[in-house]
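# Descriptive analysis of the structure
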Amino acid sequence: MSKEITKNVTNSTLKLGSKKKEALWGSFGIYVFLVLGAVIMILPLVWMLESSLKTKEQFLTTQLSLAFPSHPQWGNFFKRIWQMEPSLQRGILNSIIISFSTIIVGTFVSSLAAFAYSKLHFPGKNKLFLAELATMMIPFSIIMIPQFVIYAKIGWLDTWAPLIIPGMLGNVSMIFFLRQYMNGIPTSMIESARIDGAGYFRIYLQIMMPNAKPAVAAQAILWFMGAWNDYFAPSIYLNNPTKLTVQVVISQLNAMYAIQTDYPLLLAASVVALLPCLVIFMIFQKQIIASVAMTGLK
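The sections below set out a description of the structure shown in this document. Each residue is numbered by its place in its chain's sequence as written, counting from 1. Only residues with pLDDT of 70 or above have their local features reported here, since the model is predicted, and side-chain atom pairs are shown and tallied only from 80 upward, although totals for entire chains, interfaces and linings are computed over all residues. By convention in this description, side-chain values take in all heavy atoms of the structure and omit both hydrogens and water.

### Things to note about the overall build of the chain
Filter applied, for reference: In this text, helices come from DSSP runs of H or I with a minimum length of four residues, and strands from runs of E with a minimum of two, each type numbered from the N-terminal end. To sort residues, take the accessible area from a 1.4 Å probe on protein chains only and compare it with the maximum for the residue type: under 20% means buried, over 50% means exposed, and anything in between is partly exposed. Any two residues whose heavy atoms approach within 4.5 Å are treated as being in contact. Note on areas: Shrake-Rupley, 1.4 Å probe, and residue coverage restricted to the protein chains presented here.
What the chain contains, in helices and strands, is 14 helices and 0 strands. Beginning at the N terminus, the succession of helices and strands in the chain can be written as α-α-α-α-α-α-α-α-α-α-α-α-α-α. Going through the 298 residues of the chain one by one, you find that 34% of them count as buried. Considering only residue pairs separated by 6 or more positions, the chain has 74% of its internal contacts joining residues 24 or more positions apart. With an accessible surface of roughly 18000 Å², the chain has 70% of that area assigned to carbon and sulfur atoms.

### A few points about a nonpolar patch on the surface
Condition: Patch definition: residues with relative accessible area over 30% and no salt bridge; like charges joined within 9 Å; nonpolar side chains (Val, Leu, Ile, Met, Phe, Trp, Tyr) joined within 5 Å. We count a salt bridge whenever a side-chain nitrogen from Lys or Arg sits within 4 Å of a carboxyl oxygen from Asp or Glu.
Together, Trp25, Phe28, Tyr31, Val32, Val35, Val39, Met41, Ile42, Leu43, Val46 and Leu66 give the surface a local cluster of nonpolar side chains, amounting to about 1100 Å² of exposed area. Here valine 46 shows up in helix α1 (residues 2-51).

### A word on the layout of surface pockets
How we decide: A cavity here means a set of 1 Å grid points, computed over protein atoms only, where a 1.4 Å probe fits but cannot escape. A pocket is an open set with protein on both sides within 12 Å along at least 5 of 7 lines, and lining residues have an atom within 4 Å of a point. Grid points are joined across faces, edges and corners, and a volume is the space filled by probe spheres set on the points. Amino acids outside the nonpolar list (Ala, Val, Leu, Ile, Met, Phe, Trp, Tyr, Cys, Pro) and the charged list (Asp, Glu, Lys, Arg) are all regarded as polar, and Gly is one of them.
Its volume calculated, the largest pocket comes out at about 1000 Å³. Sort the elements by how many residues they give to the lining of the largest pocket and helix α11 (residues 213-228) lands first, with 6 residues. Across the lining of the largest pocket, the residue classes tally to 22 nonpolar, 12 polar and 1 charged. The calculated volume of the second largest pocket comes to roughly 180 Å³. What lines the second largest pocket is Phe100, Ile103, Ile104, Thr107, Ala217, Ala220, Ile221, Phe224, Ile280 and Phe284. Listed by contribution, the elements that provide at least two residues to the lining of the second largest pocket are α4 (88-119), α11 and α14 (263-297).

### Things to note about the packing of aromatic side chains
The relative placement of two aromatic rings is captured by the distance of their centres and the angle of their planes. How we decide: Any two rings among Phe, Tyr and Trp, with Trp reduced to its six-membered ring, count as a pair given centres within 6.5 Å; such a pair is stacked if its planes are under 30 degrees apart, edge-to-face if over 60, and tilted if neither.
Scanning the model with the defined rule gives 15 aromatic pairs in all. Centre to centre, the rings of phenylalanine 224 and tryptophan 228 are 5.8 Å apart; their planes meet at 35°, and the pair counts as tilted. Of this pair, phenylalanine 224 and tryptophan 228 both sit in helix α11, 4 residues apart, roughly one helical turn. On the basis of relative accessible area, phenylalanine 224 is assigned to the buried category, the value being 6%. Taking the relative accessible area as the measure of exposure, tryptophan 228 reaches 1% and is therefore buried. Within the aromatic cluster, the residues linked to one another by ring pairs are Phe108, Phe115, Phe201 and Tyr204.

### Details of the pattern of salt bridges
Tallied over the full model, the rule gives 1 salt bridge. For the salt bridge of glutamate 50 with lysine 54, the shortest nitrogen-to-oxygen distance reads 3.4 Å. Judged by relative accessible area, glutamate 50 falls into the buried class, the value being 2%. Residue classification places lysine 54 among the buried positions, given a relative accessible area of 4%.

Here it is as structure tokens:
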């Protein structure tokens with residue numbers, strides 16, 4: 001009897017040890033896969049940064065080198081790119097105006113719509129919400145020509161209106177995200193506020209927005225990065241050099257300076273255009289990750 005007990009204990013110990021080894025090897029494989037993916041994503045950024053600090057001659061002789069140059073050309077950042085025509089600083093200012101004006105108003109409108117879809121009751125609410133979600137399935141290339149014709153007829157071409165006004169009316173993906181987040185906020189809080197005499201707008205400001213602040217911040221930041229990096233729409237609707245966004249300016253500089261093989265200057269301009277998104281994401285990455293995780297759990 002004692003031999004059978006000892007044998008069973010030994011078998012269970014071996015099984016437990018094998019499971020731990022399998023789990024260890026599985027975790028190791030996942031870790032290696034994630035590290036490899038991170039390296040593949042970071043390498044182009046590292047190459048862009050160190051190449052932007054080279055001279056034209058250094059770049060042409062060491063194009064694929066990741067070694068930091070012995071004599072970095074910091075003048076590419078602090079002097080040369082600001083002397084470009086069309087002016088890079090004008091493109092950056094235009095992108096700031098377009099991005100922030102769209103996001104500030106659009107975030108307010110989107111959060112109001114999300115509150116209505118999540119907590120209010122009105123006829124056709126679900127059908128209207130599904131209709132808005134359906135617009136996310138339509139590629140921009142399909143509606144590009146109808147939009148262009150409409151904007152041309154109402155006189156919006158070569159203005160910032162096509163880039164700002166539609167965004168001010170709300171963002172469907174943001175509405176969907178915030179609706180899912182607000183569904184997790186207890187409805188009893190709203191009912192208690194209604195009993196105390198609070199109106200819906202006061203409930204939105206004093207209850208929903210403080211509780212949904214992480215999700216709103218995360219979506220606003222992601223929206224800012226998308227608006228800042230938008231190239232397609234500005235290149236279609238804008239022609240005036242004084243109204244171009246930073247991404248369109250860089251594309252024009254590429255056509256101008258690539259002929260002169262001055263790639264370090266182009267890469268320096270790309271690094272400057274990348275910095276706002278990179279800095280904002282690094283500062284608010286905890287809020288973005290936490291809001292996505294909490295929304296998934298709810």
